[in-house]
Amino acid sequence: MNKNTEDKNLAFVTKFYRSRRLDCNEAMKRVMMNGERLALSERDETKWRKNVKRSTLIRIAASILLLISIGTSIYLANKDDTVVISAADTARIVTMPDNSRIALRPHSELSYESSDPRTLRLKGDAYFEVARDEKHPFTVNNGVSTVRVLGTRFQITQNGRATTVYVSQGKVSFSANATRDSIILSRNQKAEIRPGNASPLLIPTGSPNQTAWATGTLVFKNAGIDEVVADLSLCFNKKFVAPKTSKRITAEFKTDNLQEILNIIKETIGAEIHCVEQ
């Protein structure tokens, strides 16, 4: 036993020895008190550890919620909104963010992502006047075909499962989605993709008035009555009939007043054109 231990034992005996005897009761009392203090200290430490653990879990949960909130904000900020434009019972003219102009036939629909207004999806018929942008090609996909241009004027029509593209100005690339076969169309050219033939084929151009419904102008150059009736039907999406006549007409009309057009034709060639309810 070293000297320090002996000194402590001597101090203990001296403190509790009274009248030639060791006060065991007092010593035991002190030992029990020290034990209670130790137990209390251990309970406090346990409680403190629990509080620290709870506090740590709360901070971790708060950090996770903060990260989720930040992630959600970033996702929503970068998420594209789908823009849908539709025409009801009448044609609708739309000016796009890039200043391209689009005319939708009645009951047609156009959609695109807000971050890319030059990549479009089409259901139905539409006429496009595309603002030129060589760095950002303009594409239209109708499920069957894709038209790709830089800046031009063209029309897409759908008849059942067939898709037709007519170019009134510039050039377009017309391709079949199924085979990727494509054709380059120039001004006054027309091509079609038909069911059972996935490659686009050149077809007769047809009347120059096939886009009149969108441009707002009908032009007749020495046109016979059958041509006039056909173009009116195509332009106004109605069925017209007229009596046979050998007279022809050369004229230009704005399409905003159908009755005025019919009156002028009657006065010019003497043929009264009637609209037949469909």
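Before going into details, it helps to say that this report is about the structure given with it. (Residues numbered from 1 in each chain as written. Predicted model: local features only at pLDDT ≥ 70, side-chain atom pairs only at ≥ 80, totals over all residues. Heavy atoms only, no water.)

Time to look at the sheet that holds strand E16 (residues 197-203). One open sheet holds the seven strands; their spatial order is E4-E5-E8-E11-E12-E15-E16, and the pairing between them is antiparallel. If you trace the sheet from one side to the other, it starts and ends with strand E4 (92-95) and E16, each paired once. Averaged over all adjacent pairs, the angle separating strand axes in this sheet is 15°, with direction ignored. Pairing analysis gives seven bridges linking strand E11 (residues 153-159) to strand E12 (residues 162-169), with the strands arranged antiparallel. Residue pairing in the sheet places Phe-154 in a bridge with Val-167 of E12. (Pairing = 2+ DSSP bridges. Helix = DSSP H or I, 4+ residues; strand = E, 2+ residues; numbered from the N terminus. Axes fitted to C-alpha atoms, helices over the stretch in contact; angles between N-to-C directions.)

At a closest axis distance of 13 Å, the pairing of helix H4 (residues 225-236) and helix H5 (residues 258-269) adopts a crossing angle of 180°. With respect to their mutual orientation, H4 and H5 come out roughly antiparallel. Contacts between H4 and H5 involve Ile-225, Val-228, Leu-232 and Phe-236 on the former and, on the latter, Leu-258, Ile-261, Leu-262, Ile-265 and Ile-269. Tallied by class, residues from the contact of H4 with H5 come to nine nonpolar, no polar and no charged. (Parallel < 35°, antiparallel > 145°, perpendicular 65-115°, else oblique. Contact = heavy atoms within 4.5 Å. Nonpolar A, V, L, I, M, F, W, Y, C, P; charged D, E, K, R; others polar.)

Another aspect to go through is the environment of Gly-143. Tracing the sequence through the fold places Gly-143 in the loop between strand E9 (138-141) and strand E10 (145-149). The class of Gly-143 is exposed, set by a relative accessible area of 55%. Between the C-alpha atom of Gly-143 and that of Arg-121, which follows or precedes it by 22 residues, the distance is 7.9 Å. (Buried < 20%, exposed > 50% of the residue type's maximum accessible area, 1.4 Å probe, protein only.)

Right, let's get into the packing of aromatic side chains. Counted under the stated rule, the structure contains three aromatic pairs. Relative to Phe-138, the ring of Phe-128 lies with its centre 6.0 Å away and its plane at 65°, an arrangement referred to as edge-to-face. Taken together, the residues Phe-128 in strand E8 (residues 126-129) and Phe-138 in strand E9 connect sequence positions ten residues apart. With respect to burial, Phe-128 and Phe-138 carry one shared label: buried. (Phe/Tyr/Trp six-rings, centres within 6.5 Å; stacked < 30°, edge-to-face > 60°.)

A separate point is the side chain of Ser-108. Position of Ser-108 relative to the elements: it lies in the loop between strand E5 (101-104) and strand E6 (109-113). Judged by relative accessible area, Ser-108 falls into the buried class, the value being 4%. Apart from the residues lying within four places of it in its own chain, the contact partners of Ser-108 are Ile-85, Ser-86, Ala-87, Lys-123, Gly-124 and Asp-125.

Here the focus is unusual backbone geometry. For Arg-180, which is not glycine, the phi dihedral falls at a positive 70°. Here Arg-180 is to be found in the loop between strand E13 (172-176) and strand E14 (182-185). Even without being a glycine, Asn-188 presents a positive backbone phi close to 65°. On the secondary structure map, Asn-188 appears in the loop between E14 and strand E15 (190-194). Among the residues examined, Asn-188 registers a relative accessible area of 40% and is labelled partly exposed.

Right, let's talk about a nonpolar patch on the surface for a bit. A contiguous nonpolar surface patch, about 490 Å² in accessible area, is contributed by Leu-57, Ile-60, Ile-64, Leu-65 and Ile-68. With respect to the secondary-structure elements, Leu-57 resides in helix H2 (residues 24-78). (Patch = residues over 30% accessible without salt bridge, like charges linked within 9 Å, V, L, I, M, F, W, Y side chains within 5 Å. Areas by Shrake-Rupley, 256 points an atom, 1.4 Å probe, with all protein chains shown as cover. Salt bridge = Lys/Arg side-chain N within 4 Å of Asp/Glu carboxyl O.)

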